[in-house]
Amino acid sequence: MQQILPALGVSAVVFISTNIDDILLLTAFFSDPDFTPRQVVAGQFLGIAALVLASVACALLAVRVPEGWIGLLGLVPLALGLRGLWALWRGPGAGDGEDADDADDADDEPRGRAARFRTLAVATVTVANGGDNLGVYIPLFSSSPGLIPLHAAVFAVMTGALCALGHHLVNHPVLGSRIRRHGRVALPFVLIGLGLWILSDAMVLVRPAGADGSLEHALAACSSQHLLPALAGTRGSIGPRPPGVSR
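What this report covers is the structure whose coordinates are included nearby. (Residues numbered from 1 in each chain as written. Predicted model: local features only at pLDDT ≥ 70, side-chain atom pairs only at ≥ 80, totals over all residues. Heavy atoms only, no water.)

## Regarding the overall build of the protein chain
Then step 1. The secondary structure content of the protein chain amounts to ten helices and zero strands.
Then step 2. Walking the protein chain from its N terminus toward its C terminus, one meets helices and strands in the order α-α-α-α-α-α-α-α-α-α.
Then step 3. Within the protein chain, the proportion of its 247 residues that are buried is 30%.
Then step 4. Contacts in the protein chain between residues at least 24 apart in sequence constitute 88% of all its contacts with a sequence separation of at least 6. (Helix = DSSP H or I, 4+ residues; strand = E, 2+ residues; numbered from the N terminus. Buried < 20%, exposed > 50% of the residue type's maximum accessible area, 1.4 Å probe, protein only. Contact = heavy atoms within 4.5 Å.)

## Focus: the packing of aromatic side chains
Aromatic ring pairs are defined here through the distance separating the ring centres and the angle between the ring planes.
Then step 1. By the definition in use, this model includes five aromatic pairs.
Then step 2. Between the aromatic rings of F15 and F155, the centroid separation amounts to 5.7 Å while the plane-to-plane angle is 35 degrees, which identifies the pairing as tilted. Of the two residues, F15 is situated in helix α1 (residues 4-19) and F155 in helix α8 (residues 148-170); the sequence distance between them amounts to 140 residues. With respect to class, F15 is no different from F155; both count as buried.
Then step 3. Ring plane angle 25 degrees and centroid distance 4.8 Å describe the contact between Y137 and F155, whose orientation is recorded as stacked. One end of the pair, Y137, is in helix α7 (residues 131-143); the other, F155, is in helix α8, and 18 residues separate them in sequence. Considered together, Y137 and F155 belong to a single accessibility category, that of buried residues. (Phe/Tyr/Trp six-rings, centres within 6.5 Å; stacked < 30°, edge-to-face > 60°.)

## Re the nonpolar core
Then step 1. Judged by nonpolar contacts, the single largest core of 35 residues is most densely connected at F29, V52, V125, Y137, F141, F155 and L191.
Then step 2. Elements represented by at least two residues in this core include exactly α1, α2 (22-31), α3 (37-61), α6 (108-128), α7, α8 and α9 (176-199).
Then step 3. Looking at this core, the element that brings in the most residues is α3, giving seven residues. (Core = buried A, V, L, I, M, F, W, Y, C linked by side-chain atoms within 4.5 Å.)

## Concerning the packing of α1 against α8
Then step 1. The geometry of α1 relative to α8 is characterised by a closest axis approach of 9 Å and an angle of 45 degrees between their N-to-C directions. Regarding the angle of α1 to α8, the classification is oblique. The interaxial crossing formed by α1 with α8 has right-handed handedness. From α1, I4, A7, L8, S11, A12, V14, F15, I16 and N19 reach across to α8, where they touch L150, H151, V154, F155, M158, T159 and L162. (Axes fitted to C-alpha atoms, helices over the stretch in contact; angles between N-to-C directions. Parallel < 35°, antiparallel > 145°, perpendicular 65-115°, else oblique. Left-handed = near helix turned anticlockwise from the far one by under 90°.)

## Section: the side chain of S55
Then step 1. Inspection of the secondary structure assignment puts S55 in helix α3.
Then step 2. Here S55 falls in the buried class, since its relative accessible area comes to 0%.

Purely geometric numbers; function is a separate question.
Pasting the structure below:
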């Protein structure tokens, strides 16, 4: 019992510190009429579950995630944001004719595919935004493998609370109408900004070889191995000046 209570506090603090930025994404998703609350909640739970499972696997197998590769996950929200901008540019009525033509043949199947796509979209954005989650969860799980189920349970409860908070903000008597009015337009820009921000962590993969300090090390090695002995030899070969020779 003495170990469980501190672990509960640690789990709550870790989750809040690594997922506080998700409230903006959840609010944007909830305010978009294309996404139902069920799709947003299911996608958020799937994304957090994927991050927890990946962290558990890395912790138990002692796997270190290479620096920069997590940043490539930013391609996911960037692509979704660009897709949303394209849909806004085409207008809300674009594609309705095609849907109407296919409504008699398969009415429920397109809706089911669209619902699954939106749920996976929320989940992938949650995973892409979870680079800091992996950086914290893996050491936490590695230090106390026996408490992983407890941490996972707390994360599940906190995920539900986070979704409830986002849904409450969208339906707030004062703020809700403004958020819903601009939510559909704001979501693509939020996703694009998030994708670019996450992709900035992947710049280490294309950084020049000397940009991380290796250039300074190379210059120092070159100076110590070649330049200093050359100077010493030059100084020794100069010798005393002959009489009458000026500077």
